[in-house]
Amino acid sequence: MASTPSPHTTHLHSLISSSTNHNKPSNLSFFHTSSNPSSFKLIHSFSTSFSSTISNVLKTADISLSRDLNGVVSTPKPTILVSEKLGEAGLDLLRSFADVDCSYDLSPQDLCAKISLCDALIVRSGTKVTREVFEAAQGRIKVVGRAGVGIDNVDLQAATEFGCLVVNAPTANTIAAAEHGIALLTSMARNVAQADASMKAGKWLRSKYVGVSVVGKTLAVMGFGKVGSEVARRAKGLGMHVIAHDPYAPADRARAIGVDLVSFEQAIGTADFISLHMPLTPATNKVFNDDTFAKMKKGVRLINVARGGVIDEDALVRALDSGIVAQAALDVFTVEPPPKDSKLVQHENVTVTPHLGASTKEAQEGVAIEIAEAVVGALNGELSATAVNAPMVPPEVLSELAPYVVLAEKLGRLAVQLVTGGSGIQSVKVVYKSARDPDSLDTRLLRAMVTKGIIEPISDTIINLVNADFSAKQKGLRISEERIIVDSSPEYPVESIQVQISNVQSKFASALLENGNISIEGKVKYGIPHLTRVGPFSVDVSLEGNLILCKQVDQPGMIGKVGNILGESNVNVSFMSVGRTVKRKHAIMAIGVDEEPDKDTQKKIGEVSAVEEFVFLKL
């Protein structure tokens, strides 16, 4: 007698089969004609890996069934391994649903030995969930829950390959982190930590520890997300004037709190206090460095309860010694714990705490409940808004869209780099040109990848199909789509993708259409994404490496002049294209480069008399 599948298995089977049984042939044949065979191998590997993911999800979803004494089929409870301490409220929720094994301080070997007996794993930051852990699970583990925000300790690629969903708990720590930021701000301003230490050493130094008032001072909140906005609310209550910088913050939400959104330069140049609430990404890594500190008001005070790596710590020590930064209050560090002989930690004008931002009883309980709910939901077959991997896309759809996925993300990354000013990105439109009927074109993944390209470079949010719309909404970002039917081959799903950003300023004015929108467009050629239009200008350059865009007077010799400047600086040019609207008027030169030109090289390009504007963009 055949076993009855579990509800979780039935849900997954129906979810996959309902979107794959379209009897559509896989459309990979055109990749074989590519002039770049390696790109086909990459795409094929990508689609094969994802197909394996789907298979593993289905394979591991079937929990073993048993029969009671009356012959009735019953489904045993799943087993959840909790490898680090979790609040009792979260544990109680887990125990109502599953068998819970609380085993703390496991060695990597012990974790690998246990994991094959578990359906889910919950960790904090101390447990490393490596590829070896997923291999040892032998396909049984279905979800890893990270009780907190960061997922650096989880191998996301391996999790996806083995069909394991990864979820986190990004919201429960918000108030605790904001309160700690305010605590550091006020205690720093009044020298509380230093005065306390001196008194315990038997001293009475009233004149040495004269502080500063916060009333009427300007606080710049760098990153106006959940924590940053809560810090702003509390600072307003202290009588501070609050400004903020965040490219995604909706202006109406900031106005409702009484906060002015400004550019990065204006924020750091006018603030008396600067509170950091930005994620650590390649774009923000050591963004507070010697150059940044030099632009600040002398005597500024700095608070960081976000990520240590956004500050160049050696540069901060120099700024403190020179008096540019009067004081700093730090809860996070590049290396944690920092070295005992750290000049920054030992500096007399620095107040430090050991990463206590989320360390309140209430926050710990909130995190425990949030991650428990996410893990239980995942084991029930639900798609969590806090999932950070494994987009649920049919394998044949992914195979066909693979090169367009890359194109969509890169267009998003380019578009966001063209934005400047403090108004924030609020509205994005994605236009697809295709010969196919709109009902036969699934653009969910493409929209998610445009969102990923726009949000991820300056955010700690990891974007995929599961959480793209949710993340965009949280950022106040409206993503709309338009489909234009064109007369081309329906063999290819998309003729081109255009990304427009409305109501923002551009650091490259030539990217603006007549309606004032930043606009870039691209196509896939021979399996490789290409940039084909910037604003009203047609170009044709492969989206590989990095990109320089120059607006110039359309005259002979311009390619040679700019090319020579790059060549003299040992910057290799991979592609170059020139587009113009009217002969001998203006043109856009798009140059693909392997390396980032240094400041002197970029300055030389800008000094070419016929170059009216240019911008360097990272891909």
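This is a predicted model, so every value here is computed, not measured.

Draft legend 1. How the structure looks around the overall build of the protein. Assigned secondary structure in the protein consists of 20 helices and 26 strands. The burial tally for the protein puts 51% of its 619 residues in the buried class. A sequence separation of at least 24 residues applies to 67% of the contacts in the protein between residues at least 6 apart. Of the roughly 27900 Å² that the protein leaves accessible, carbon and sulfur atoms contribute 52%.

Draft legend 2. Main features of the pairing of strand 23 (residues 546-553). Within strand 23, seven of the eight residues are buried, which leaves the element mostly enclosed by the surrounding structure. Summarising the sheet, strand 23 and strand 25 (residues 586-593) pair through eight bridges and their orientation is antiparallel. By the bridge assignment for strand 25, Gln-552 is matched with Ala-587. Pairing between strand 23 and strand 26 (residues 611-618): seven bridges, direction antiparallel.

Draft legend 3. Molecular detail of the nonpolar core. If you look at the biggest cluster of nonpolar residues, it comprises 53 residues, and the most contacted ones within it are Ile-425, Leu-446, Ile-497, Leu-531 and Leu-549. Among the elements that line this core, the one with the most residues is helix 16 (residues 395-417), at eleven residues. Each residue touching Ile-497, except ones within four places of it in the same chain, is listed here: Tyr-404, Leu-407, Ala-408, Leu-411, Val-430, Val-431, Tyr-432, Leu-446, Ile-520, Glu-521 and Gly-522. Counting 29 residues, the second-largest nonpolar core is a separate cluster that includes Ala-220, Ile-243, Ile-268 and Val-300.

Draft legend 4. View of unusual backbone geometry. Here the amide bond leading from Glu-336 into Pro-337 is cis, since omega sits at -5°, within 30 degrees of zero. With respect to the element layout, Pro-337 can be found in the loop between strand 13 (325-330) and helix 14 (343-346). Notably, Asn-191 is not glycine yet its phi reads approximately 55°, a positive angle. Relative to the elements of secondary structure, Asn-191 occurs in the loop between helix 7 (174-189) and helix 8 (192-200). Look at Asn-570: it is not a glycine, yet its phi comes out positive at around 60°. Tracing the backbone shows Asn-570 in the loop between helix 19 (558-568) and strand 24 (573-580).

Draft legend 5. Up close: the sheet that holds strand 18 (residues 496-502). Pairing in this open sheet of six strands is mixed, and the strands run 17-16-18-20-21-22 from one edge to the other. For this open sheet the edge positions go to strand 17 (478-485) and strand 22 (537-542), each flanked by a neighbour on one side alone. Neighbour to neighbour, the strand axes of the sheet diverge by 20° on average, direction disregarded. Across five bridges, strand 18 lies against strand 20 (residues 518-525) in antiparallel orientation. Each bridged residue has a counterpart across the sheet, and for Val-499 the counterpart in strand 20 is Ile-520. Contacting strand 16 (427-434), strand 17 and strand 18, helix 17 (residues 444-455) crosses the sheet at an angle of about 140° to strand 16.

Draft legend 6. Quick look at the environment of Thr-353. Among the secondary structure elements, Thr-353 is positioned in the loop between strand 14 (350-352) and helix 15 (361-379). Once the C-alpha coordinates of Thr-353 and Leu-184 are considered, the two residues, 169 residues apart in sequence, prove to be 8.8 Å apart. With near-sequence residues (within four places) excluded, Thr-353 lies in contact with His-180, Leu-184, Leu-330, Asp-331 and Phe-333. Side-chain polar atoms of Thr-353 contact the side chain of His-180, separated by 3.0 Å. Of note is the side chain of Thr-353, whose polar atom sits 2.6 Å from the side chain of Asp-331.

Draft legend 7. Here's a closer look at the environment of Asp-598. Structurally, the position occupied by Asp-598 is in the loop between strand 25 and helix 20 (599-607). Separated by 29 residues in sequence, Asp-598 and Ser-569 have C-alpha atoms that sit 8.3 Å apart. From its side chain, Asp-598 meets the backbone nitrogen of Asp-600 in a polar contact 3.3 Å long.

Draft legend 8. Quick look at the sheet that holds strand 7 (residues 165-168). Spatially, five strands are ordered 4-3-5-6-7 in an open sheet, and the strand pairing comes out parallel. The outermost strands of the open sheet, each flanked by one partner alone, are strand 4 (99-102) and strand 7. Averaged over neighbouring strand pairs, the angle between their axes works out to 20° when direction is ignored. Across the sheet, helix 4 (residues 108-115) lies against strand 3 (79-82), strand 4 and strand 5 (120-123), angled at about 170° from strand 3, the strand it touches most. The strands that helix 15 touches are strand 3, strand 5, strand 6 (143-146) and strand 7; relative to strand 6, the one it contacts most, it runs at about 170°.

Draft legend 9. Structural view of the packing of helix 19 against helix 20. The contact between helix 19 and helix 20 brings their axes to 10 Å, and the two run at 165°. Compared by their axis directions, helix 19 and helix 20 come out roughly antiparallel. Every pair of crossing elements has a handedness; the one defined by helix 19 and helix 20 is right-handed. Contacts from Val-562, Ile-565 and Leu-566 of helix 19 reach helix 20 at Thr-601, Lys-604 and Ile-605. When the residues that make up the contact of helix 19 with helix 20 are grouped by side-chain class, the tally is four nonpolar, one polar and one charged.

Reading guide: rules and limits
- Residues numbered from 1 in each chain as written.
- Predicted model: local features only at pLDDT ≥ 70, side-chain atom pairs only at ≥ 80, totals over all residues.
- Heavy atoms only, no water.
- Helix = DSSP H or I, 4+ residues; strand = E, 2+ residues; numbered from the N terminus.
- Buried < 20%, exposed > 50% of the residue type's maximum accessible area, 1.4 Å probe, protein only.
- Contact = heavy atoms within 4.5 Å.
- Areas by Shrake-Rupley, 256 points an atom, 1.4 Å probe, with all protein chains shown as cover.
- Pairing = 2+ DSSP bridges.
- Core = buried A, V, L, I, M, F, W, Y, C linked by side-chain atoms within 4.5 Å.
- Axes fitted to C-alpha atoms, helices over the stretch in contact; angles between N-to-C directions.
- Polar contact = N/O pair within 3.5 Å; in protein donor to acceptor, adjacent residues only side chain to side chain.
- Parallel < 35°, antiparallel > 145°, perpendicular 65-115°, else oblique.
- Left-handed = near helix turned anticlockwise from the far one by under 90°.
- Nonpolar A, V, L, I, M, F, W, Y, C, P; charged D, E, K, R; others polar.

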